[in-house]
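Overview (structure and organization)
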Amino acid sequence: EPDPDVIAALVETRDQRLLDWIETRGSALSDPLSIVVQFFNPTDVVLSGIFPRPILAGLVDHIDMTRYDTPGRLPMTKPQLRLARHVGPSSLAATAGSTSLFGAVVAGG
């Protein structure tokens, strides 16, 4: 399991290996998120996870949600890609709670 202090140090020193990783992973996230935009036409896409905020923010900078856009076709709106309020290790508890709430809302309960 990665040490949060080591990750924070890599972020702070702008370690090139970390920056390269962020760029390639952000690009890799572009296809699935662009597909989500085409299918659901959301107004917002929220990114969360166990990584520290600077890493997730770096991923956001490299995500292109327009890869499957074609002229004259939906989505008519461009969703805002933003970070969740809770990120990092503390996001696990918040995500677990919101997933249950989301399931209840979707199920109509």
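First things first, this report covers the structure right here in the doc. (Residues numbered from 1 in each chain as written. Predicted model: local features only at pLDDT ≥ 70, side-chain atom pairs only at ≥ 80, totals over all residues. Heavy atoms only, no water.)

**Looking at the overall build of the chain**
Check the secondary structure of the chain and you find four helices and two strands. When the helices and strands of the chain are listed from N to C terminus, the series reads α-α-β-α-β-α. Contacts in the chain between residues at least 24 apart in sequence constitute 80% of all its contacts with a sequence separation of at least 6. For the chain, the exposed surface amounts to about 7500 Å²; the carbon and sulfur share of it is 62%. (Helix = DSSP H or I, 4+ residues; strand = E, 2+ residues; numbered from the N terminus. Contact = heavy atoms within 4.5 Å. Areas by Shrake-Rupley, 256 points an atom, 1.4 Å probe, with all protein chains shown as cover.)

**Focus: the packing of helix H2 (residues 16–40) against helix H3 (residues 53–61)**
The N-to-C vectors of H2 and H3 enclose an angle of 50°; their axes lie 8 Å apart at closest approach. In terms of orientation, H2 lies oblique with respect to H3. Once H2 is placed against H3, the crossing between them reads as right-handed. Along its contact with H2, which presents Leu18, Trp21, Ile22, Arg25 and Gly26, the element H3 presents Ile55, Gly58 and Leu59. (Axes fitted to C-alpha atoms, helices over the stretch in contact; angles between N-to-C directions. Parallel < 35°, antiparallel > 145°, perpendicular 65-115°, else oblique. Left-handed = near helix turned anticlockwise from the far one by under 90°.)

**Examining the pairing of strand S1 (residues 44–47)**
Of the two faces of S1, the one holding Val45 and Leu47 is buried and the one holding Asp44 and Val46 is not buried anywhere. Of the strand pairs in this sheet, S1 and strand S2 (residues 80–83) are connected by four bridges, and their pairing is parallel. Of the residues in S2, the one forming a bridge with Val45 is Leu81. (Buried < 20%, exposed > 50% of the residue type's maximum accessible area, 1.4 Å probe, protein only. Pairing = 2+ DSSP bridges.)

**Re the nonpolar core**
Residues Leu47, Leu56, Ile63, Met65 and Leu81 are the most contacted members of the largest nonpolar core, which totals 17 residues. Secondary structure elements with two or more residues in this core: H2, S1, H3 and S2. (Core = buried A, V, L, I, M, F, W, Y, C linked by side-chain atoms within 4.5 Å.)

**Thoughts on the environment of Tyr68**
By the element assignment, Tyr68 lies in the loop between H3 and S2. On the basis of relative accessibility, which here comes to 37%, the residue Tyr68 falls in the partly exposed class. Taking the C-alpha atoms as reference, Tyr68 lies 7.9 Å from Asp31; in sequence the two are 37 residues apart.

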